[in-house]
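Spelled out from the first residue to the last, the chains are:
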Amino acid sequence: MEEKAHHSGSPDDHGGTAPWRDKRLTADVRVADLISRMTLDEKLAQLVGVWVGATHDGRGVAPHQDDLAGESPSWEELIRDGLGQLTRVFGTRPVTPAAGAKALAASQREVMAANRFGIPAVAHEECLAGFTTWGATVFPVPLAWGASFDTALVRRMAEAIGQSMRAVGVHQGLAPVLDVVRDARWGRVEETIGEDPYLVGEIGSAYVSGLESTGIIATLKHFAGYSASRAGRNLAPVSMGPRELADVILPPFETALREAGARSVMHAYTDTDGVPAAADERLLTDVLRKEWGFEGTVVADYFGVSFLELLHRTAGGPGEAAVQALTAGVDVELPTARCYGRPLAEQVRGGMADESLVDRALTRVLRQKCELGLLDPDWSAGPPVREPDLDPPEHREIARQLARESVVLLADDAGLLPLSTPGRVAVVGPLADDALGLQGCYSFPAHVGVRHPEWDMGVSVPSVLQGLRDGLGAAGITYEEGCPVREPDRSGFAGAATAAREADVCLAVLGDRAGLFGRGTSGEGCDVPDLSLPGVQSELLEELLRTGTPVVLIVVSGRPYALGTAAGRAAAIVQTFFPGEEGAAALTDVLTGRADPSGRLPVGVPRTPGGQPSTYLTAPLGRASEVSAHDPTPLFPFGHGLSYTRFGYGELTLSSEEVPADGELEISCTVTNTGGRTGTEIVQLYLTDPVAQVVRPWRELAGFARLELAAGESRRVTFGLHTDRTAFTGRDGRRVVEPGLVEVRIGRSSTDTPLEGTFRITGTEPRAAGHDRVLRTSVRVTKRP
């Protein structure tokens, strides 16, 4: 193909008269016309991002940012032919919302003026626990979303996040993370929703729906297999067969794309069986595009294209890495241009890559820009008229409600909770008076703010101690740190033990401090060898338990930790996963009984620190048995959580005992609040396939319902189950619905299921279940007749 010479703008290109500027035409027609006018350099400019704020001072916020940031050309050179994306204008350093919006608008005007078509860039930002910028609401982390089992509330949160991002000119959000937990030692467990693919898919889809409803492009991460890295080490190779990938890892992505309409996908860093995700054409094209019909954009995880050369070593240079990624199906190189610019141009001009691959990616990118209005002649880069409020009261209320719903009461052996009249209270532990300890790795204060001590946090984040003083009354509360989060300093043990002995109850607040790449105990790159509480916190807990004072253990963390030594000895155990800026108030609401604990575990809590990986979604031989001396049974299983009231289950009915292989049935039960106060139960439906052509999980979640009941109230819960929900990948690699018996269990957790029944799928041969299969179980709640 003969390349057009680079030249400045003309009325035909820039003035709104060309077909690609005509809003009456379809996006496909407009995009095709625009591509026909572009040079190779102009095309490639649309396939890269630019990270203007990136530095190489050793304080970067992304892997290898410091190594690669200094290699980029100047801003003027980067935008000469146009620009695909602007990387983290708000999330690289502290900036007020108004100043950030003004800077973004100025950058957009420069980008538009520099390229002859006047096309602006897509601005993207992180939004995992809220919009990652100074002054924006810090919401609970995704693991807390999973603990809430509340899809409607997660959708409301995502809407709030999207509204804040859109108010300052951002177009795309890099969330949610749909990785299914396979090994809790992985540092990024806090970013995940849980260890069950159905829960991850439902909660993740709710987030996508909320974000997309505001016009923000949701980006699914990390496609696919990242969470299954060996030994839970960040970026380590993934040892996984195609069946585990298909049945455990991929379903949440499929659900979020098909049911919620996510418009972007980010590839994973890892390699699976020797093939890096960024160069996996089977994954990014055959599965994602051809099987699932995805038409959006695939963006690189930061420096992921360069990593094909630098870390995976499947490419001999930036140009080869670019060709591998482009061929596989990566449309946009992020966060900045290293491979898709001049190196890729040289590969195309030298005949090592076909320009049609560039056009394929470019079509997807420009179609999305067209959908965003960025190709319209009347698009404006003007900043907002007034200072945006990114932490309004209504957002804080959503944050508080979600934090409250995610608190999990694991045990209350002494019946001590709620703390109605606690008397003298000792609050002890390194997380008790640490506002950052309530926030995840991708909250702005923990992610970026810690490197800028000259700035305040940007939002009000009371510590647990402050929340307890406000909620319990300041009188009668003493505080001792006891020890740091991870340093082996025991000098505070004596003071902590004394405070506990002199109190009527001791609240021990232990857990994690989020950070990046070893600067914390949880977060990206903060992987651990086992699941012991960090530092000497277990020793501190032992000192407190020995005092004889009732101890309420409160774990504030980004992953589950082994709590076996506290079992039966602590008066109560409470788990919360980085609950965000309103976490202290929410925790106090639950501890004092102003709110009923309604969170349920999205990941099991182990009894002992070793024996990883282990999740509830395992084969029969993955559980305790006579053939191994090691018992992997968790201390508290997936789905577990107590309430301040009690719930009874009864009247299980199945609408049919036999169902055809392409049929459905209704599974119903009655749930009654048999206690003395209003409470919330998470009704959980589990299925077991007792005989199958391949080994199946001993039990897997097939549906759930969040149910609030007044004392004495009953409700009838009906699950609409299609046989597609029993599908699995058979021996020949096809997903099938297999005839045979299916066991049904309904209850309070994966191991506490008082209702049991069976139905039979009829037929003689397995039925293929493709991408059009039913992915969700419907739920209907009615008054008991």
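Everything numeric in this text was worked out from a predicted model, so none of it was measured.

**Quick notes on the overall build of the protein chain**
Then, number 1: What the protein chain contains, in helices and strands, is 22 helices and 27 strands.
Then, number 2: Each principal axis of the C-alpha atoms in the protein chain carries an extent, and together these give about 80 × 70 × 50 Å.
Then, number 3: Within the protein chain, buried positions represent 63% of all 785 residues.
Then, number 4: Residue pairs at least 24 apart in sequence account for 79% of intrachain contacts in the protein chain once pairs closer than 6 positions are excluded.

**Some points on the layout of surface pockets**
Then, number 1: As a volume, the largest pocket reaches approximately 1000 Å³.
Then, number 2: Around the largest pocket, the lining is made up of 50 residues, and of these R182, D247, V248, L617 and P697 lie nearest the centre.
Then, number 3: Sorting the residues of the lining of the largest pocket by element identifies helix 9 (197–213), helix 10 (242–249), helix 11 (251–258), strand 19 (679–688) and strand 20 (700–709) as the ones contributing at least two each.
Then, number 4: Per element, the largest residue contribution to the lining of the largest pocket is five residues, and it comes from helix 10.
Then, number 5: Along the lines of polarity and charge, the residues of the lining of the largest pocket split into 22 nonpolar, 13 polar and 15 charged.

**A closer look at the sheet that holds strand 10 (residues 408–411)**
Where strands meet in a sheet, backbone hydrogen bonds hold them as pairs that are either parallel or antiparallel.
Then, number 1: Judged by pairing direction, the sheet is mixed, and its six strands sit side by side in the order 10-15-14-13-11-12 without closing on themselves. The open sheet has two edge strands with one neighbour each: strand 10 and strand 12 (477–480). Strand-to-strand twist across the sheet, computed as the mean angle between neighbouring axes with direction ignored, equals 20 degrees.
Then, number 2: Of the pairings in the sheet, the one linking strand 10 to strand 15 (residues 572–577) comprises three bridges and is antiparallel in character. Note on strand 15: the bridge partner recorded for A411 is I573.
Then, number 3: In this fold helix 21 (residues 537–545) packs onto strand 11 (425–428), strand 13 (505–511) and strand 14 (551–557), with an angle of close to 170 degrees to the strand it touches most, strand 13.

**Quick notes on empty space enclosed by the protein**
Then, number 1: Tallied over the entire structure, the rule returns four cavities of 30 Å³ or more.
Then, number 2: By volume, the second largest cavity is sized at about 80 Å³.
Then, number 3: In terms of residues, the lining of the second largest cavity owes the most to one element, helix 16 (residues 355–371), which gives three residues.
Then, number 4: When its residues are assigned to classes, the lining of the second largest cavity shows four nonpolar, six polar and one charged.

**Observations concerning the environment of L25**
Then, number 1: Summarising the element assignment, L25 is placed in the loop between helix 1 (11–14) and helix 2 (27–36).
Then, number 2: Classification of L25 by relative accessible area gives partly exposed; the value is 32%.
Then, number 3: Ignoring anything within four residues of it in the chain, the contact list for L25 reads P19 and R30.

**Examining the packing of helix 10 against helix 11**
Then, number 1: Across the interface, helix 10 lies against helix 11 with an axial gap of 5 Å and an inter-helix angle of 45 degrees. With respect to their mutual orientation, helix 10 and helix 11 come out oblique. For the pair helix 10 and helix 11, contact is made by L245, A246, D247, V248 and I249 and by P251, P252 and F253, respectively.
Then, number 2: The residue inventory of the contact of helix 10 with helix 11, partitioned by class, reads seven nonpolar, no polar and one charged.

**Overview of the nonpolar core**
Then, number 1: Membership of the largest hydrophobic core comes to 210 residues, with the highest contact counts inside it found for Y207, F223 and Y340.
Then, number 2: It is helix 9 that provides the largest number of residues to this core, a total of eight residues.
Then, number 3: If we ignore the near neighbours within four places in the chain, the residues touching Y207 are C127, W145, V154, M157, A158, I161, A175 and P176.
Then, number 4: Formed by 27 residues, the second largest nonpolar core is a distinct cluster that contains F647, L665, L685 and A727.

**Observations regarding the side chain of S264**
Then, number 1: Tracing the chain through its elements places S264 in strand 6 (residues 264–267).
Then, number 2: The class of S264 is buried, set by a relative accessible area of 0%.
Then, number 3: For S264, the side chain forms a polar contact with the main-chain oxygen of T297, separated by 3.2 Å.
Then, number 4: In contact with S264, not counting residues within four places along its chain, are Q172, I217, A218, T219, L220, F294, T297 and V299.

**Concerning the pattern of salt bridges**
Then, number 1: Under the definition given, this model contains 53 salt bridges.
Then, number 2: Across the pair K221 and E126 runs a salt bridge, and its minimum N-O distance is 3.2 Å. With K221 in strand 5 (residues 217–223) and E126 in strand 3 (residues 122–126), the pair connects residues that are 95 residues apart, well separated along the chain.
Then, number 3: Residues D150 and R706 are paired through a salt bridge, measuring 3.7 Å at the closest nitrogen-oxygen approach. With a gap of 556 residues between them, D150 in the loop between helix 7 (142–148) and helix 8 (151–167) and R706 in strand 20 connect regions that are remote in the sequence.
Then, number 4: The exposure class of D150 is buried, given its relative accessible area of 12%.
Then, number 5: Sharing partners across several salt bridges, the network here consists of E202, R258, E259 and R776.

**Details of the packing of aromatic side chains**
Then, number 1: Using the criterion set out here, one finds 15 aromatic pairs in the structure.
Then, number 2: Here a set of aromatic residues connected by ring pairs shows up, and it is made of F149, Y198, Y616, F638, Y686 and F704.
Then, number 3: Taking the ring centre of Y442 as reference, the NZ or CZ of K221 above it sits at 5.5 Å.
Then, number 4: Of note, R623 hangs over the ring of W698, and the distance from its end group to the ring centre comes to 3.7 Å.

**With respect to the packing of helix 20 (residues 493–501) against helix 21**
Then, number 1: Their axes nearest at 9 Å, the elements helix 20 and helix 21 cross at an angle of 35 degrees. The two elements helix 20 and helix 21 cross, and the hand of that crossing is right-handed. When helix 20 is examined against helix 21, the residues F493, A496, A497 and A500 are found in contact with a partner set consisting of E539, L540, E543 and L544.
Then, number 2: A breakdown of the residues in the contact of helix 20 with helix 21 according to their chemical character gives six nonpolar, no polar and two charged.

**Considering the confidence of the model for the protein chain**
Then, number 1: Taken as a whole, the protein chain shows an average pLDDT of 93; of its residues, 95% reach a score of 70 or greater.
Then, number 2: The low-confidence segment residues 1–12, where pLDDT is below 50, has 25 contacts with residues more than four positions distant or belonging to other chains.

**Topic: helix 16**
Then, number 1: Given a rise of 1.5 Å per residue, 17 residues ought to cover 24 Å, and the 24 Å separating the end C-alpha atoms of helix 16 matches this to within 8%.
Then, number 2: Across the 17 residues that make up helix 16, a large majority, 13, are buried.
Then, number 3: Between the side-chain oxygen of the N-cap and the backbone nitrogen of S356 there are 2.8 Å, and the N-cap of helix 16 in question is D354.
Then, number 4: In the stretch just after helix 16, G373 is the one whose phi turns positive, near 85 degrees.

The rules behind these values
Residues numbered from 1 in each chain as written. Predicted model: local features only at pLDDT ≥ 70, side-chain atom pairs only at ≥ 80, totals over all residues. Heavy atoms only, no water. Helix = DSSP H or I, 4+ residues; strand = E, 2+ residues; numbered from the N terminus. Buried < 20%, exposed > 50% of the residue type's maximum accessible area, 1.4 Å probe, protein only. Contact = heavy atoms within 4.5 Å. 1 Å grid on protein atoms, 1.4 Å probe; cavity = no way out; pocket = protein on both sides within 12 Å on 5 of 7 lines; lining within 4 Å. Points joined across faces, edges and corners; volume = space filled by probe spheres on them. Nonpolar A, V, L, I, M, F, W, Y, C, P; charged D, E, K, R; others polar. Pairing = 2+ DSSP bridges. Axes fitted to C-alpha atoms, helices over the stretch in contact; angles between N-to-C directions. Parallel < 35°, antiparallel > 145°, perpendicular 65-115°, else oblique. Core = buried A, V, L, I, M, F, W, Y, C linked by side-chain atoms within 4.5 Å. Polar contact = N/O pair within 3.5 Å; in protein donor to acceptor, adjacent residues only side chain to side chain. Salt bridge = Lys/Arg side-chain N within 4 Å of Asp/Glu carboxyl O. Phe/Tyr/Trp six-rings, centres within 6.5 Å; stacked < 30°, edge-to-face > 60°. Lys NZ or Arg CZ within 6 Å of the ring centre and 35° of its normal. Left-handed = near helix turned anticlockwise from the far one by under 90°. pLDDT = per-residue confidence, 0-100. Expected span 1.5 Å × (residues − 1).

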